[in-house]
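Examining the three-dimensional arrangement
This is what each chain is made of:
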Amino acid sequence: MTSGTSKKSRLTKDLQNKVQAFTQIKCSAKTSTRLYTNAISAWLASGLTIDEYLSSVALSPSTKHQTCAILNSFCEFAEIDDRGAVDFHKGQRYGLKDSFTVEQVKTMLSACRDNIRLHVAIRLGAQCGFRLSDCVNLRWSMISNGICTITRKGMKPFRFRMSPAIITELEQIREYDNDFCLPNTHIPGTGISSELLGREFRKLQKQCGLYAAQWTFHSLRHCFAISAVEKGLSVDTIRQMLGHSDIQTTYIYLQRLNRQSVVDDGMNTIAGIYEQ
């Protein structure tokens, strides 16, 4: 469900169980457990996106920032995207119609060249499969000599080489007294919030004529996954890049493959080895 379809509460029994499991993992005191549970339950019951919900409630800036972090962290845990849409629920999937095409991503990249922070965030989504929360939580301490190390809860650290173009853009906006790769230019020493980055992305979507209920920042991940499968990356590698705990979740992207063309390309590559 997305906010564009209905304001009906998303607080199903399944999600209630996930809220309970999430708070048990994240919280050690009754006070913080109540804070997390109330924040997540209120957002899910509202039927709003995180951005819309935070705009509708009267909270201090610090509490709003904390609530935003809690909600985005829960989204990752419960496999809900940044709009609050459940991607995988009781074995059913919403499909990949919400994926951007490569040409659509190129259109957005061309339109935001002057906004390097947004430009590189889109690259991270489309080229590395990053969630919105992955982007805002990316730190320089996670990158060494172009190698990025991603550690997600319940998974082993995964290392991959970032493209030189991404590293170059990150360096252009780097603040050397700030570990966050995407800095908040208004608050020194901090990173941009998911709320602000999401707002900038939606503004860009409207500018490019790509604003629709099925397209969110999360759609960049789908574009990455489909491209990765088509280019021959192993399903397990894609699983680790996307942070899927269950490889069956990753297998849905295989449905976008023209399997015969991939087999043919693979056989031709192997044949080429012996012709050199």
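Everything discussed here concerns the structure shown above.
Reference entry: report on the structure contained in this document. (Residues numbered from 1 in each chain as written. Predicted model: local features only at pLDDT ≥ 70, side-chain atom pairs only at ≥ 80, totals over all residues. Heavy atoms only, no water.)

1. A short note on the layout of surface pockets
For clarity, the threshold we go by: Within this scheme a cavity is a closed region of a 1 Å grid, computed over the protein atoms alone, that accommodates a 1.4 Å probe without allowing it to escape, whereas a pocket is open but has protein on both sides within 12 Å along at least five of seven lines; lining residues each have an atom within 4 Å of a point. Grid points are joined across faces, edges and corners, and a volume is the space filled by probe spheres set on the points. Only DSSP runs of H or I covering at least 4 residues are called helices, and only runs of E covering at least 2 are called strands; the numbering of each starts at the N terminus.
Taken as a whole, the largest pocket spans an internal volume of roughly 980 Å³. Lining of the largest pocket is provided by 37 residues; of these, Lys26, Ser73, Glu76, Ser133 and Asn137 occupy positions nearest its centre. Mapped onto the lining of the largest pocket, the elements with two or more residues apiece are α1 (13-26), α4 (61-78) and α7 (132-137). Broken down by element, the residue count for the lining of the largest pocket peaks at eight residues, all from α4. Each pocket or cavity is described by its volume, and for the second largest pocket that value is around 400 Å³.

2. Regarding the packing of helix α5 (residues 102-111) against helix α6 (residues 116-128)
Short version of the rule: All axes here are fitted lines through C-alpha atoms, helices being fitted over the stretch that makes contact, and every angle between N-to-C directions spans 0 to 180 degrees. With respect to orientation, any angle under 35 degrees is reported as roughly parallel, any angle over 145 as roughly antiparallel, any angle of 65 to 115 as roughly perpendicular, and every other angle as oblique. The hand of a helix crossing depends on one turn: near helix anticlockwise from the far one by less than a right angle means left-handed, and clockwise means right-handed. Two residues qualify as a contact provided that any one of their heavy atoms is within 4.5 Å of a heavy atom in the partner residue. Residue type decides the class: Asp, Glu, Lys and Arg count as charged, Ala, Val, Leu, Ile, Met, Phe, Trp, Tyr, Cys and Pro as nonpolar, and the leftover types, Gly among them, as polar.
Between α5 and α6, the shortest axis-to-axis distance is 9 Å and the interhelical angle comes to 165 degrees. Here α6 runs roughly antiparallel to α5, going by the angle between their axes. Regarding α5 and α6, the two cross each other, and that crossing is left-handed. Of the residues in α6, those touching α5 at Val105, Met108 and Leu109 are His119, Ile122, Arg123 and Ala126. Looking at side-chain class alone, the contact of α5 with α6 contains five nonpolar, one polar and one charged residues.

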